[in-house]
Amino acid sequence: MKKIISALLCVILVFTFVMPAFASDEKPFSNSQFFELGDYTIHYRVSEHKGDFKGRIVMLHGFGQSSFSWQNMAQQMSGKGYDCYCVDLPNFGYSTRETAETKHIDREELVEALMLSIAPANEWIVSGHSMGGGVAINIAEDLDIKSLFLICPAPTAAMPSFAGKIVTSKPMGMMMNFVLEKLTKIDFLMKLVVFAATQNKEYTKNYDLSGVTAPLQQKGTGMGLCYMLKDVRVTELDKTDKVTCPVLIINAEKDMVLRGGMKEQVLDAFPSAELYEVAGAGHICLEDRAEEIAKVTYDFLND
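The structure contained in this document is the topic of the report that follows. Only a predicted model underlies this, so the values are computations on that prediction, with no experimental measurement involved.

1. Things to note about empty space enclosed by the protein
And step 1. If you add up the space inside the largest cavity, you get close to 80 Å³.
And step 2. Taken together, 14 residues form the lining of the largest cavity, with Gly64, Gln65, Ser66, Gly211 and Val212 sitting closest to its centre.
And step 3. Residues of the lining of the largest cavity, tallied by class, amount to six nonpolar, six polar and two charged.
And step 4. Quantified by volume, the second largest cavity comes out at close to 60 Å³.
And step 5. Every residue lining the second largest cavity is listed: Tyr40, Pro90, Asn91, Glu98, His104, Ile105, Asp106, Arg107, Glu108, Met228, Val232 and Arg233.
And step 6. Broken down by class, the residue content of the lining of the second largest cavity amounts to five nonpolar, two polar and five charged.

2. Comments concerning unusual backbone geometry
And step 1. Phi at Ser130 takes a positive value of approximately 55°, unusual for a residue other than glycine.
And step 2. Looking at the secondary structure, you find Ser130 in the loop between strand S5 (124-129) and helix H4 (131-142).
And step 3. Ser130 gets classed as buried once you look at its relative accessible area, which sits at 8%.
And step 4. Positioned with a positive phi, Gln199 is a non-glycine residue whose angle comes to about 60°.
And step 5. Mapping Gln199 onto the fold places it in the loop between helix H7 (187-198) and helix H8 (201-205).
And step 6. For Gln199, a relative accessible area of 23% corresponds to the partly exposed category.

3. Quick notes on the sheet that holds strand S4 (residues 82-87)
And step 1. The sheet built from eight strands is open, its strands ordered S1-S2-S4-S3-S5-S6-S7-S8 with mixed pairing. Looking at which strands have only one partner, the edges of the open sheet turn out to be strand S1 (32-37) and strand S8 (274-278). The average undirected angle you get between the axes of adjacent strands in this sheet is 20°.
And step 2. Relative to strand S2 (residues 40-47), S1 runs antiparallel, the two being bridged by six bridges. Pairing of Phe34 across the sheet is with His43, part of S2.
And step 3. Lying over the sheet, helix H2 (residues 71-78) contacts S2, strand S3 (55-60), S4 and strand S6 (147-151), oriented at roughly 165° with respect to S4.
And step 4. Helix-sheet contacts for helix H3 (residues 107-118) involve S1, S2, S3, S4 and S5, and the interaxial angle to S1 is about 110°.

Conventions adopted
Residues numbered from 1 in each chain as written. Predicted model: local features only at pLDDT ≥ 70, side-chain atom pairs only at ≥ 80, totals over all residues. Heavy atoms only, no water. 1 Å grid on protein atoms, 1.4 Å probe; cavity = no way out; pocket = protein on both sides within 12 Å on 5 of 7 lines; lining within 4 Å. Points joined across faces, edges and corners; volume = space filled by probe spheres on them. Nonpolar A, V, L, I, M, F, W, Y, C, P; charged D, E, K, R; others polar. Helix = DSSP H or I, 4+ residues; strand = E, 2+ residues; numbered from the N terminus. Buried < 20%, exposed > 50% of the residue type's maximum accessible area, 1.4 Å probe, protein only. Pairing = 2+ DSSP bridges. Axes fitted to C-alpha atoms, helices over the stretch in contact; angles between N-to-C directions. Contact = heavy atoms within 4.5 Å.

Quick look at the structure:
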């Protein structure tokens, strides 16, 4: 049963991988803001610090997710004195969907430009979950940041060059759009995915599915994900010697998403990192175990 659920979860995540999702004068949330660079409009949500200011954290989500997945952590960390910037990466959330007409800019460059528009690099703490962890690693290699923390990080691998035209073909894009539209409307199926990703029955019962499904149903998401898969910058684990800041890696004991030695690849790349495993937790532990993870992160940042 675990293997079946794991396989189903992976399929849903894969099929839930210029056209802005929202015009920059519209706000999907009260704390929404937008950043524009080239053909891209990047949506992000800001949770301002409470009490004494401790620093700035940029938070990058995983595949099939959006800034929604970081909201519990943002609430916890802003309450501890940090300004939290939860970013929707291109083709997710309410950011630009890429098309054949989009002049491509790497996700890392977009996030870095957003960060530097707000504060110098050495004032930033960069965090990433799952796919966002791979993006965060690349940013830490590019910039001299204050600290890096990763939650269930998933390095991004390169797509074979011959597959690019197939993935970005019109039939593939139409199929992806169709699959997203249909699957995200099946509540039982989406609940099953959430349970597989959290391993938490009680949390799944009251889960707000719209936080996941509404962004995935934005126009052009399926085709946008096809272009992302073709053009994405791989996670450069062979260059982690450039990362000189403190690193925290948080993994989940019952993670059913990270496969094929992905955990080991990241741990081997950061032999000096501080490690923490969330007992009994699933892949999106940043949501249902936010209080525990925030305490570990806060202690790490203040050590």
